[in-house]
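Structure assessment
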Amino acid sequence: MTLAPSVMAAMKPTFKKNSRKKEDDKNRFRFKSFNERVSDITIGVARRLDEVQDLDEDAETFLHQSLQKWRELNCTAHFSDACRQLPHAQSLPQVLHNQVAIVEALKKNLLVPNTLALQPLLDLVLQLARDLQSDFYVYFEDFFKIFVTLLNTSNPETIEQVFTTLAFLVKFLWHCLLKHIGPVFSYYKVLLSSNQKPYIVAFAAESFAFLVRKLKKRSQFVSHVAASLNDDTYCEGVGLLLFESVKGVRMQFHSATELLLSAWLPAVGHPSNHHGNEDMVLAALLRCMQEMAEYTRQEHCSFIWPLLLGYVNSLVDQYVASSKSEEQSDSTPALWAHIERVLRLVQKWVNWRWGYRMSDPALVYKCVNNVLRSAPAVAASSAAVQDVVSDLVQYGRPFDADMAKPAVQKVLSSLECGEVLNFAHRLISLGHRGIEVVENIRGIVERYATDEQNYATLLVFLAKLSQKSQDEGYVDEAQLFNLKSMPSTARMIARTCQPARTSEREDGVLDTCTSNVQRVWCAASAIHICRSMPSQSDVSRSLHSWRCALAHQLQQVSSQSSGSKGGSVLERGNTVLSFGLHGVVKALISLEGADDFLQSCSVDWVIELLRMSPADIHILKTVLTVLDAIVAATSATSASATSTDDNSTAVLTLDHLSAVFEELKPNLSHPIQPVRLATLQILSRFPQPLMSSEEKGSAKELCDVIQRCLDAQQSEATLNEFREKIRLLELLKYIHSRQEQCPEIYMEVALRYLIGCFYVNFQPIWSPVAESIASYITQTYRKVFWRVYSEHLEVSTSRCVAVARASGTLEASDSVTIATTVSGVFQAGQVLASPTAEENRVDHFNFRMQLWRTMTSFTSSAEASTRHLVPIFLSFVREEYSFLDDAVLKHQDLRPADQRSVAADCSAAGLESGDCEMRDEEEDLDDSRVLAHQDSKKQNRRALFKTLSTMLTLFSKFIDPRSAHREEEMKQLMLQLLCHREEDIQRLSLQFLMAYKLPFLLPYSEKLFDLLKETGFREALTHFSVDEESETVKPQHRTELLPYLIRIVYGRMLRNTGMATAGKQGSSLRRGVVLRFLAGCPGEEMKVFVQLITAPFQTYFPADCELSFDNLPSLDVSSVVPLRKQQGFLIMLGQMFSHLRTVLPPYLPHLLRIVLCVASWTSQLLKITRSHAADAGTSCAIDTRAGPLLRTIRQLVLARLAEAFASFSNYDFQPYMKSVLNVAVWPQLGALPHECLDHPTPLMKLLLGWSQRQRFLCYFSTPTPDELDGSILHFVFSCLKSSAVRPPVVSAIMQLVDNLLNNGEEPGTSDLEPSAKRRRVATSAEVTSSEHTDLTHVRGNVAAEAATSSSAPKREQSEGEKLLLPHLHLILEHLGSLV
């Protein structure tokens, strides 16, 4: 058997080899990914047969010869164990006699996890097969299942070894496998499942194809495979198997390809080969045809067409004969379904790469015509036939309309109304090819227009043609339709345009109007593409009635939406009305002409329309259409020789321009590009005002600022044309003489348009736009500039907040689906007429950032305008950034998402209805900010961080920050940002504070900035010593400087990345460096640092509050300290216990209270989670995703308590013990026997620490709660009952016993005489180390000692002995199980 050089047909290499020769001194080895290593696997059995060794002269079996070889090559323990399990196999009789034992030993060792003897074991299996030959087939299935298990690995070497072994087995056993090909395929197809990796499926198909090509009874095998395809997961694999069976070399096919395909084609559903899995077989053959078309060339696939088309023609003959015969009439439907499936295979070859594999379209047309002649009605309505005909028209090369017309006409003449029009639209949509082959479409439409039942279908057809022409612009509908020659269609459209009486109920107006608008819009679209029709006046009156009704309804909807909150339904209704109005106006203009239309539509109506919704793109397009008609009409009138009046002045005046400009002024900087373009086009249609001139008598010129903006807007922002766009934008720079002459209404046009250019998603134009905007900072234009600029700053902020709140909602799809109803066509038309997805992809965050970045070029003017900037900045930090950054976030809502949304809806409803009490405004804002943060945290984190950095860059360039608006708030915020984890934020905040020129800060500015550099952080810490003995910091500066310094190093400590300090281990190292640096500060100077790490908990209890451990703060699930902050605090506290042990005692009460409070919260939250798990019918009160983190926090709490008791042994913990037991020990004590098995848990370590202090022994006898059945030591010693307990746990328990026997005294602290000392209990390690210990001897010694002690004078038992006495039997049972 010869396999292809690469087994990875489905996984091509993802890299290109470099053909350039590398130099000798360079490293030629590089890392390869898993896919690359798998793609390099080469298995060529035929080429590797020479590597298979023959028997040596002194060897009798291949198995024994392989054993001898691998005993020298593989000396691992795994292979040695396998060799010991193998029986004698030196001679062939021994192999035959012990074959069962040999097979079992090989199977057992192959299944050893992570065995180091896989390659020799696989070779032994192969050599055993060579020895047993046909007798090995009995064991082939068992070994095959083991191979399938071994393939589930990520080691490419293992995959190659298994692949190679299986390939050789198929090669050696192919005679036996062919005899049982059916059962072999039944278990072999597991590797062909789509659940397997692609390379496994590729190898399985390639290896099994070797057997398929050697089959002689192909029909039986095909029937077996088809019957076994009861799951669609095998379709792709079987298709790949068939392709590998017919695959040849050099892009050619195997000689048995025609025989194999001829055997497979009847399995697609021929009545004589019925198995019920026809669709599965079709999917497999489609995959095979796809692979064949991709593999070969056109000159090598010429035999495919006669094979497929000849088979279709033979099926047609059978269908015709079956239709005429009464005896076989039952098989006729099945035979036709079989023909359709085979046509799908033909279609695969027809449309592959736009017909590249189709050599002669005439043969395909002939076959299709034959199918259509056999059963015209059935064939014409068949989707397969229609798809083949459509693909032939689209991809046939060369195109011959005369050849395609017979098939197209046969399909059109045999279908019903809806099917005819759908197929005709499909062909016409193909362009000129489709128009050429569709004949008499006017007659078809006119024939169906006489039946009222077909009205909706005809409207859909005409509207779809209108959409296609507007979208792609290649269909000349005037050549297809003329309603004057189609009276029935014209009457149908006129009847559709008649106004319908709408309901007067307010709740039913919108729905009724929507359906009517959709119907009329379709009729108006038909009028627009036909452009002429009889009874024109009646239709015009109907359309004018619709125009007025839609405008009136649009005004009502606009007023309702402007006066209500969240009117999304009203906004959608507004869009429906405006889009319908646009269609009606276009139809009226095309039907009446501009002059007649203007007699019933004035400019005032246009202005009123703009006032309803000035930013609606459909309204803008409607207005632009009307204005174009007005301009065209006035131009024609002025050009007429008989005209004596200047009608352009009478129709469009400067007063109209002023009224329109006030409505459209905000659109100049609108986020959507089509809105900006339509606005400029509308303004350009009006007569432009004149420029003012200081020179008397000089000619005045027209103001061209609108035209300049329009030219810049129409220029594309692409790599090829962006230089021209930049040139046009530079023409909009501020020029004093020209700006002074500009009319008053146009004073803001250029500035507003330049600001709107920041919405263009093309970075090279942003800097030129910023320069042009900066040119408007002049003494005369300053007030206008800041009024416009501050307005956009505020609007951009509100838009960013709105985007953050709506970031979790689903966006509407812009894809145009196949519409078959009036509503569907209307919605598809809306999508085509609306801005595209690319135009709607607006980055409001980048727009705001560019506005702030532009101000860095005129910082002096910005510093004088802080009254506009500071409130926006503070609002941004408070409302957006603080709820996105975990370092600033104060609260977290642990309720499930559905409960949070319901609570938000309830609160919103309460505020609107007024039924509930009005809450404070700030509290309501806080709730909404929390919801906004939770919905948009992942998407907007990076954008908001860049925005903050840009804002701080501007403020850091201020010269006199004391003169800023709300200066004290700014200073406090900068101090807070000085603790930020990002060095850029810290550096910019420090620059702002340095501008204060504080005497205690300026001398150390260089060293402080050095601390913010990543490269020399440790060196800067070393040079900036804070020891009192050091003279680095002057004594008079120490009190005021250290709060700044501690905030800086605290922020550096929070950073997660850095040189040699990335990841969890690196961040721990960084924290250790900072804490060792702070260890030089006296205890009173550490107050700032303690306040920083406990800042998240200050809301619940300040540092100076009265201590009360009995009444810990209550828990509110909707507002808790963020879990990540709780976890970070506990981790930090552990390192503080290690590095700051000498300075922490003054702050230990406050820290312990926080730890106990966290323990209380965690216990309550986990109790809620457990109660939900016990009662599955109730909804959990907290988000289940918080469970793992809560359990981690619980363990950290216990670990910190254990470290506190161990680190501060002289501290008085008496006031805290009751709270420690209630919130930390009791909740975890019941789970101790189950959790403390592999290693000592933090609770076990805490109890072990208590056992080392005599003053804590009394707490071991504290009564436990009622739900805990037993004392503390009962649960501790219950761990010894489990057979899975590990030695580290046993050692800890024995150490606890030893401490109790010593009465809580540490080793070396007892002054008792040796005769009075307690005998130390042996640990499990010591017991197990004594191999000759006898249990009887131990018991005898215990009895003897008991007798001796009974004769000795009695003494009083210690407290530790009293605690151990009830549990002595558990200790003895465990010791007895070890010896």
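Attention here is on the structure that accompanies the text. (Residues numbered from 1 in each chain as written. Predicted model: local features only at pLDDT ≥ 70, side-chain atom pairs only at ≥ 80, totals over all residues. Heavy atoms only, no water.)

This part is about the overall build of the chain. Per the secondary structure count, the chain includes 68 helices and 0 strands. If you sum the accessible surface of the chain, you get close to 66,400 Å²; carbon and sulfur atoms cover 50% of it. (Helix = DSSP H or I, 4+ residues; strand = E, 2+ residues; numbered from the N terminus. Areas by Shrake-Rupley, 256 points an atom, 1.4 Å probe, with all protein chains shown as cover.)

Next up on the list: the packing of aromatic side chains. Pairs of aromatic rings are described using the distance from one ring centre to the other and the angle between the two planes. All chains considered together, the criterion is met by 50 aromatic pairs. A centroid spacing of 3.9 Å and a plane angle of 5° characterise the contact between Tyr759 and Phe847, whose relative ring orientation is stacked. Remark: Phe847 occurs in helix α45 (residues 844–854) and Tyr759 occurs in the loop between α40 (749–756) and α41 (766–774); sequence separation between them is 88 residues. A ring pair is formed by Phe1000 and Tyr1044, whose centres lie 5.6 Å apart and whose planes are at 55°; its orientation type is tilted. Of the two residues, Phe1000 is situated in the loop between α51 (983–994) and α52 (1005–1011) and Tyr1044 in helix α54 (residues 1035–1054); the sequence distance between them amounts to 44 residues. The pair formed by Phe1000 and Tyr1044 is uniform in burial state, with each residue classed as buried. Here the aromatic residues Phe1205, Tyr1211, Phe1213, Tyr1216, Trp1250, Phe1256, Tyr1259 and Phe1260 are joined through ring pairs into a cluster of three or more. For Lys1007, the ring lying beneath its charged end belongs to Phe1024, and the centroid distance is 5.9 Å. Above the face of the Phe1017 ring, Arg1070 is positioned so that its terminal group lies 5.7 Å from the ring centre. (Phe/Tyr/Trp six-rings, centres within 6.5 Å; stacked < 30°, edge-to-face > 60°. Buried < 20%, exposed > 50% of the residue type's maximum accessible area, 1.4 Å probe, protein only. Lys NZ or Arg CZ within 6 Å of the ring centre and 35° of its normal.)

Let's shift gears to a negative patch on the surface. Taken together, the side chains of Asp1027, Glu1028, Glu1029 and Glu1084 present a region of like negative charge at the surface. Within the secondary structure layout, Asp1027 lies in the loop between α53 (1017–1023) and α54. By relative accessible area, Asp1027 is classed as partly exposed at 37%. (Patch = residues over 30% accessible without salt bridge, like charges linked within 9 Å, V, L, I, M, F, W, Y side chains within 5 Å. Salt bridge = Lys/Arg side-chain N within 4 Å of Asp/Glu carboxyl O. Lys, Arg positive; Asp, Glu negative; His and termini not counted. Charge placed at Lys NZ, Arg CZ, Asp CG, Glu CD.)

A few words now on helix α6 (residues 118–132). Between its first and last C-alpha, α6 extends 21 Å over 15 residues, near the 21 Å set by a 1.5 Å rise per residue. Most of α6 sits inside the fold, with 14 of its 15 residues counted as buried. (Expected span 1.5 Å × (residues − 1).)

Formed by 430 residues in total, the largest nonpolar core has its most connected members in Phe136, Phe873, Leu1008, Phe1089 and Trp1250. Sequence-distant contacts of Phe136, defined by excluding residues within four places in its chain, comprise Val125, Leu128, Ala129, Phe143, Leu169 and Leu173. (Core = buried A, V, L, I, M, F, W, Y, C linked by side-chain atoms within 4.5 Å. Contact = heavy atoms within 4.5 Å.)

This paragraph deals with the pattern of salt bridges. This structure, assessed with the given rule, holds 30 salt bridges. Across the pair Asp81 and Arg84 runs a salt bridge, and its minimum N-O distance is 2.0 Å. Taken together, the residues Asp81 and Arg84, both in helix α3 (residues 77–85) and 3 residues apart, mark about one turn of the helix. We classify Asp81 as partly exposed; its relative accessible area is 31%. A salt bridge links Glu141 to Lys145; the nearest nitrogen and oxygen atoms lie 3.5 Å apart. On the criterion of helical spacing, the pair formed by Glu141 and Lys145 is a turn pair, its members being 4 residues apart in helix α7 (residues 137–150). For Glu141, a relative accessible area of 31% gives the class partly exposed. When its relative accessible area of 48% is taken as the criterion, Lys145 is described as partly exposed.

Another aspect to go through is the packing of helix α16 (residues 304–324) against helix α18 (residues 361–374). At a closest axis distance of 10 Å, the pairing of α16 and α18 adopts a crossing angle of 15°. As far as their axial angle goes, α18 and α16 are roughly parallel. Of the two possible hands of crossing, α16 and α18 adopt the one that is left-handed. Residue-level contacts link Trp305, Leu309, Val312, Asn313, Val316, Tyr319 and Val320 of α16 to Leu363, Val364, Cys367, Asn370, Val371 and Ser374 of α18. (Axes fitted to C-alpha atoms, helices over the stretch in contact; angles between N-to-C directions. Parallel < 35°, antiparallel > 145°, perpendicular 65-115°, else oblique. Left-handed = near helix turned anticlockwise from the far one by under 90°.)

In short, shape yes, function no, at least from these values alone.
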